Amino acid sequence: VCCTLLVEHGSSGRGGGRNAEPPPMPMSSPLMGKKKKPFLGMAAPLGYVPGLGRGATGFTTRSDIGPARDANDPVDDRHAPPGQRTVGDKMKKNQEDDEEDLNDTNYDEFNGYAGSLFSSGPYEKDDEEADAIYAALDKRMDERRKERRELREKDEIEKYRMERPKIQQQFSDLKRKLSGMSDEEWLSIPEVGDARNKRQRNPRYEKLTPVPDSFFSKHLTTGDKHTTVDPLQGVSNLNLPGGLESPYPGGMTPGLMTPGTGELDMRKIGQARNTLMDMRLSQVSDSVSGQTVVDPKGYLTDLNSMIPTHGGDISDIKKARLLLKSVRETNPHHPPAWIASARLEEVTGKLQVARNLIMKGTEMCPKSEDVWLEAARLQPGDTAKAVVAQAVRHLPGSVRIYIRAAELETDVRAKKRVLRKALENVSKSVRLWKTAVELEEPEDARIMLSRAVECCPTSVELWLALARLETYENARRVLNKARENIPTDRHIWITAAKLEEANGNTQMVEKIVDRAITSLGANGVEINREQWIQDAEECDKAGSVATCQAVIRAVIGIGIEEEDCKHTWMEDAESCVSHGALECARAIYAHALQMFPSKKSVWLRAAYFEKNHGTRESLEALLQRAVAHCPKAEVLWLMGAKSKWLAEDVPAARSILALAFQANPNSEEIWLAAVKLESENNEYERARRLLAKARSSAPTARVFMKSVKLEWVLGNIEAAHELCTEALKHYEDFPKLWMMRGQIEEQSEHNEKAREAYNQGLKKCPHSMSLWLLLSRLEERVGQLTRARSILEKSRLKNPQSPDLWLESVRLEFRAGLKNIANTLMAKALQECPNSGILWAEAVFLEARPQRKTKSVDALKKCEHDPHVLLAVAKLFWSERKITKAREWFLRTVKIEPDLGDAWALFYKFEMQHGTEEQQEEVRKRCENAEPRHGELWCAESKHVLYWQKKIGEILTQVASKIKNTF
C-alpha cells in the first residue's frame, strides 16, 4: 500500500502538470483486498504540495496563471487614464498603494505616523461621522483659545515693533521737518561721495582684440581627421603638398575661393559686412558735392523718425531680389513685378538701381499707368516731368497721370495749363474738372463749371457747385436742369429748398420738399428715412431752419408702424439733440405733439427740451398749449408757474396756479406750490390762509407737515407744536411728523421730551432710518454713548442690510476714538451690504494713507457706477494733489448723479482751491441748473430752519465753506 501511495502521489510531485500521464495501475496483490484508506479519494488540503517532505517541488505552467504580459503591453481597459495605460504602470501603482511608510523616522509621539495606518481600508459612513465629530471638537477648542492667542500675537507684534521699528517710522519726524526747508537749505546739502574702494571705482575693462580673417582661414580645418589617403595628393602637376598632410582649404575643389568644408566663406562675410556698413552710413548721411554732412544736433531726431530701410537680413533681401528677377524674366510684361523690384531696391537704399529698373519697366509695359506713376515718383523733379510727358504720349486718356503732372508743377499758371490740356483730351473726367475749378477765381470757375456740367451732366457735385456760384435766378435754372439730368438725387432738391429759404421764399420750401418726395418715389428711389434726417441735421447746422423742419415733417412718418411712432420719434429727437441739431429736435417734438396732443409724456419731454435748450418765452408758450390739452397734468401747471416765478413775475404765477386750482380742485401738489410761492415772496399770512384752507379741503400728511414747517421757521414754536400734535392724531404713521416734533423739542432743549417723541415715533414707524439716527445722535450728544450704541444695534436687528445704520455705527465708534472697533464694524457692514457705495466710500478713508488706493480699487470693482465711490476716488486724488485726475472724477460724479449736493459742494470747494474763477462759476451754474436735493452735508444746511429761504447758490457756498480738507 505504501508503495502504491508513493507512486500515486509522487508522480504528481515530479510531473504534476495537467499534461502528465496518468499513474500506472498497481499490480494485482493479495493486499488489494484490504479496506482502502478514507483520504485516498479526497481533494488535497489547502497549501499541500506533494513530495514536499522528501524535498520534491512542484511547478506551474502558463495554463495555470495565464499568458505572460510584458511591462509595456497595454492594459485591457481602452479608456484608462494617463499613467495607467500599460501593465507596468498598473503594477507600479498597486505597489505604491500597498506600501506605506511605517518607518520609525516617520513616527510622531503625538500625531502617530505621517500617513494614516488605515488608509488602505474602506472609508465607511461611521468613519465619516467620527471625522466630523473630531473636526467639530477641534474647532470648538480652537475657538476657546482663539481670543487669547490673537491678543498674545498682537502684544508680541507691538513689542517687536517697539524694539525694532521700521526705517520708515524712524525717519518719519525728519520727513515731516522737510516740509519747512527752503530752497537754499535744500541746495546746500552736500552730495554723497563714492564710498567704494579704488578697484571698484575704476574697474579694468576687458580688452578685446579683433581676430583677422586669415586666422580663421588658417585654422579652419585644424580639427579635421582624415581616415583615407586622397589619391590626388601625390599628383605633381597640381602643385599641392604631397603625403598625408591635409590640404589647405579649397585645394581639392575646382575653385580656390570656396573652402573645403563648405561652412565658412570669409570673402562673403567681409562683403556682407561692408554692404551693411555702407547702408547704415547712407541712412544717416547726406552727400553734398562729394562731402558727407551729418547734423550733430538733429542726429537723434533723425534716427527716431527714420523709416527702416528693410525688414529682414541680407539673405532675405537676396532671396527677394532673386525671386523678383525670376518673375521679371518669366513674364516681362507684368507691371507689379517691375514695381515690386524697384521698391525693394528703394528700401534697401539703392535708389539709382530702383530708377533704372522702373525705367526698364516702362519700356516693357508702356501701357501700364501704375508703372509710369511709380517712375515719376522715384525720379527727381525735372526728370519726373519728362517721365510724365512720356507717359502722356503713351496713355493720353489717363486721369491719374494728368493729376500727377499738375502736382509736379510749382507755378499755378503751369498747373492750370496742364489741367486745361488734360481736359481737352479727357473732358468726361469729374476729378479733372474739380481739380481745375479749385485753381480758378470765382468768375472763371463759374464759366468752367458751366462747361463742366455740359461734359459731365450726371455729376451732382458739379451742378451744385455751379448753382452756388450763380445768381438766384440763374441758380434756379441750373438746379432745374440738374433735376432733368439727374432725377434720382435728393441733394439737388434739398439745395433748391435751401436756395429758396436763403432768398426769403420760405413758403416754397415746404412745396419743394414735398415735390422731391413725390418725384423721387416716382423715379423708383427708395426714401431712406435715416439719410433724410441726416440731411436735415446738416441743414440745421448750416442755418437753413425752414428746410430742416420741412424735411423732418416730410419724412418723419415714413416706414414706421403706428404703434411705434411715439417711441421712435422720441428717440429721433434725443438723437438730434445729441448731434447738436436743436431745430430738428424741435420739429420732431412739434410733429409728435400734433399727432399725440393728449399725451402728457410727450408734452413733458418737449417742455424739458425747451427748458434746457430753448428760451423762457418758448417754454411758457409750449406750457400754455400743454395745459390746454392736458389740464389734469399737475406737473405742467407747476412748471409754468415756476417759470413765471423765476422771471420774478409773481402775479402771473399766481394766476397760473389759480387756473390750476380750477382744473384740479383738491390737488395737494398745487396747494403746496401756491404756499411755497407766497412764503418765498414773504407773504406769510397768505401762505397761512392757503394752508388752513388746504387742511380743511384737502387734508394730507404733507399739508400738515408744511403747516408745521412754516410756523417752525417763522419762530412760532407753540403753534408749530400744536399743529404737530393735531397732525399726529390723524397721521401717526408719518415719520417726518415725529422727526419734526423731536427736533422742535431738541431746539427748545427739552431732551427728555425729544427722546419720548423719537421713541413713540419708532413704535409707529420702526423702519424709518432717520428716526433711529436722530435718537442715536441725541443720546450721543448728551453723553450716553452706550445707549446710542445699543439703539443702533437694535435698529440693525429690525432693519437688516441697512447701509445708513451701519455707517452711523462705524462713525459713532470713530468719533468715540475706538478706531479698532470701527474697523471691525466696517468689515461686518461690508459683509452684510457688499454693494453699498456709502460704506465703501467711508471704508476708503478709514484706511491708512498707503492702503487707501488699494481700497478704492476694491470699491470700484464692487460699485463701479456709485456716486459716493466716485466721489471718494475724487477726494483721494485731491488729497494726493493730482489735480487733473481729481477734476475728471468730480465731473464724472456730478454727471452720474446730479442730485447729490455733497458732490457739488466738494467740487466747488476743489475749484475754489485749485481752479480759476471761470471754472468756479461754471460749477456754480451747473449746480443751480441741477437743483440738488440730497446729500448728508447738503441736507444739513438746506433743511436747517435758519436757512430755509436760501437759494441753491448760497447753500452751495455755505456748504463748501464748512468742508475741511481732513481726508
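Residues numbered from 1 in each chain as written. Predicted model: local features only at pLDDT ≥ 70, side-chain atom pairs only at ≥ 80, totals over all residues. Heavy atoms only, no water.

*Asks:* How should the overall build of the protein chain be read in this particular structure?
*Replies:* A count of helices and strands for the protein chain gives 50 helices and four strands. For the protein chain, the residues scored as buried account for 33% of the 967 residues in total. Considering only contacts in the protein chain between residues 6 or more positions apart, those separated by 24 or more positions represent 49%. Accessible area for the protein chain stands at about 62,600 Å²; split by element, carbon and sulfur atoms hold 53% of it. (Helix = DSSP H or I, 4+ residues; strand = E, 2+ residues; numbered from the N terminus. Buried < 20%, exposed > 50% of the residue type's maximum accessible area, 1.4 Å probe, protein only. Contact = heavy atoms within 4.5 Å. Areas by Shrake-Rupley, 256 points an atom, 1.4 Å probe, with all protein chains shown as cover.)

*Asks:* How do you make sense of the side chain of Ser879 when you look at a structure like this?
*Replies:* Relative to the helices and strands, Ser879 resides in helix α45 (residues 867-879). Residue class for Ser879 comes out buried when judged on its relative accessible area of 15%.

*Asks:* Help me out: how do you make sense of the nonpolar core in this one?
*Replies:* Proteins that are soluble and globular tend to have nonpolar side chains buried together. Core analysis: the largest hydrophobic core is formed by 125 residues, its most contacted members being Leu432, Trp433, Trp532, Ile552, Trp569 and Leu636. The contacts of Leu636, once residues within four sequence positions are left out, are Trp603, Leu604, Leu623, Ala626, Val627 and Cys630. (Core = buried A, V, L, I, M, F, W, Y, C linked by side-chain atoms within 4.5 Å.)

*Asks:* Please clarify how the pattern of salt bridges should be interpreted in this entry.
*Replies:* Side chains bearing opposite charge may pair, as long as their charged atoms lie close to each other. With the rule as written, the count across this model stands at 38 salt bridges. Ionic pairing is found between Glu732 and Lys764, a salt bridge with its closest N-O pair at 3.6 Å. Placement of the pair is Glu732 in the loop between α36 (717-730) and α37 (735-747) and Lys764 in helix α38 (residues 751-764), with a sequence separation of 32 residues. The class for Glu732 is partly exposed, based on a relative accessible area of 37%. Residues participating in the shared-partner salt-bridge network are Arg343, Glu346, Glu374 and Arg377. (Salt bridge = Lys/Arg side-chain N within 4 Å of Asp/Glu carboxyl O.)

*Asks:* Please clarify how the side chain of Asp866 should be interpreted in this entry.
*Replies:* Relative to the assigned elements, Asp866 resides in the loop between α44 (849-862) and α45. No salt bridge is formed by the buried Asp866. Its closest oppositely charged neighbour is Arg811, at 12 Å. A polar side-chain atom of Asp866 sits 2.9 Å from the main-chain amide nitrogen of His868. Among all residues touching Asp866, those that are not within four sequence positions of it are Gly837 and Ile838. (Lys, Arg positive; Asp, Glu negative; His and termini not counted. Polar contact = N/O pair within 3.5 Å; in protein donor to acceptor, adjacent residues only side chain to side chain.)

*Asks:* Would you explain the environment of Glu571 in this entry?
*Replies:* Along the polypeptide, Glu571 turns up in helix α27 (residues 565-578). Of note is the side chain of Glu571, whose polar atom sits 2.9 Å from the side chain of His567.

*Asks:* Even after reading the chapter, I still don't get a negative patch on the surface, so can you show me in this structure?
*Replies:* Side chains of Glu124, Asp126, Glu128, Glu129 and Asp131 sit close together on the surface and give a patch of like negative charge. The exposure class assigned to Asp126 is partly exposed, which follows from its relative accessible area of 45%. (Patch = residues over 30% accessible without salt bridge, like charges linked within 9 Å, V, L, I, M, F, W, Y side chains within 5 Å. Charge placed at Lys NZ, Arg CZ, Asp CG, Glu CD.)

*Asks:* So what exactly am I meant to see when it comes to unusual backbone geometry here?
*Replies:* Leaving glycine out, the prevailing phi sign among residues is negative, and the prevailing peptide bond configuration is trans. At Arg881, a position not held by glycine, the phi torsion is positive, near 65°. A relative accessible area of 57% places Arg881 in the exposed class. A positive phi angle, close to 50°, is found at Glu931, a residue other than glycine. Counting through the fold element by element, Glu931 comes out in the loop between α48 (917-930) and α49 (936-942).

*Asks:* When you look at a nonpolar patch on the surface in this model, what are you seeing that I'm missing?
*Replies:* On the surface, Leu178, Trp186, Leu187 and Ile189 cluster together into a nonpolar patch covering about 460 Å² of accessible area. Its location among the elements puts Leu187 in helix α7 (residues 183-187). Of the residues examined, Leu187 reaches a relative accessible area of 70% and is grouped as exposed.

*Asks:* Help me out: how do you make sense of a positive patch on the surface in this one?
*Replies:* On the surface, a cluster of positive charge is made up of Lys676, Lys706, Lys736, Arg933, Lys943 and Lys951. Classification of Lys943 by relative accessible area gives exposed; the value is 55%.

*Asks:* Even after reading the chapter, I still don't get the packing of α48 against helix α50 (residues 952-962), so can you show me in this structure?
*Replies:* The packing of two helices is summarised by the inter-axis angle and the distance between the axes. α50 packs onto α48 with a crossing angle of 125° between their chain directions and a minimal axis gap of 9 Å. Viewed along their axes, α48 and α50 adopt a mutual orientation that is oblique. In the packing of α48 onto α50, the handedness of the crossing is right-handed. Residues Arg924, Cys927 and Glu928 of α48 lie in contact with α50, whose contacting residues are Ile952, Gly953, Glu954, Leu956 and Thr957. Taken together, the residues of the contact of α48 with α50 sort by class into three nonpolar, two polar and three charged. (Axes fitted to C-alpha atoms, helices over the stretch in contact; angles between N-to-C directions. Parallel < 35°, antiparallel > 145°, perpendicular 65-115°, else oblique. Left-handed = near helix turned anticlockwise from the far one by under 90°. Nonpolar A, V, L, I, M, F, W, Y, C, P; charged D, E, K, R; others polar.)

*Asks:* Looking at this model, I keep getting lost on α50. Mind explaining?
*Replies:* Along an α-helix, a turn takes 3.6 residues, which lines up residues three or four apart on a common side. Listing the buried residues of α50 in full gives Ile952, Gly953, Ile955, Leu956, Gln958, Val959 and Ala960. Contacts made by the buried residues of α50 are with α47 (901-914), α48 and α49.

*Asks:* Please explain the confidence of the model for the protein chain as it appears in this structure.
*Replies:* Keep in mind that low pLDDT regions are not for reading the predicted coordinates in detail. Of the residues in the protein chain, 78% have a pLDDT of 70 or more, and the chain-wide mean is 78. A low-confidence stretch, residues 286-294 stays under pLDDT 50, and its non-local contacts, those more than four residues away or across chains, total eight contacts. Under a pLDDT of 50 for its full length, residues 296-311 has, in the predicted model, 12 contacts with residues more than four places off or in other chains. (pLDDT = per-residue confidence, 0-100.)

*Asks:* Can you walk me through the environment of Thr458 in this structure?
*Replies:* With respect to the helices, strands and loops of the structure, Thr458 is situated in the loop between α20 (442-455) and α21 (460-469). Once the C-alpha coordinates of Thr458 and Val430 are considered, the two residues, 28 residues apart in sequence, prove to be 9.5 Å apart.

*Asks:* What's the story with the packing of aromatic side chains in this structure? I'm lost.
*Replies:* The geometry of an aromatic ring pair comes down to the distance between the two centres and the angle between the two planes. On inspection of all chains with the given rule, the structure shows nine aromatic pairs. With centroids separated by 5.5 Å and ring planes inclined at 85°, the aromatic side chains of Trp878 and Phe910 adopt a geometry described as edge-to-face. Of this pair, Trp878 sits in helix α45 while Phe910 sits in helix α47, and the two are 32 residues apart along the sequence. In this structure Trp878 comes out as buried when scored by relative accessible area, which is 0%. (Phe/Tyr/Trp six-rings, centres within 6.5 Å; stacked < 30°, edge-to-face > 60°.)

*Asks:* What is the right way to look at the packing of helix α40 (residues 785-798) against helix α41 (residues 803-815) in this model?
*Replies:* Two numbers describe how α40 lies on α41: the axes approach to 10 Å, and their chain directions differ by 160°. The orientation of α40 relative to α41 falls into the category roughly antiparallel. Once α40 is placed against α41, the crossing between them reads as left-handed. Contacts between α40 and α41 involve Leu785, Ala788, Arg789, Leu792, Ser795 and Arg796 from the former and Leu805, Trp806, Glu808, Ser809, Leu812 and Glu813 from the latter. Considering only residue class, the contact of α40 with α41 consists of six nonpolar, two polar and four charged.

*Asks:* How do you make sense of α40 when you look at a structure like this?
*Replies:* Here α40 contains 14 residues, and its C-alpha end-to-end distance of 20 Å stays within 8% of the 20 Å for a straight helix at 1.5 Å per residue. If you check which residues of α40 are buried, you get Ala788, Ile791, Leu792, Ser795 and Arg796. One side of α40 carries all its buried residues, which in axial view fall inside an arc of 135°. Facing away from the buried side of α40 by more than 90 degrees, the exposed set consists of Thr786 and Leu797. For α40, the elements touching its buried residues are α39 (769-781), α41 and α42 (819-832). (Expected span 1.5 Å × (residues − 1). Arc of directions from axis to C-beta.)

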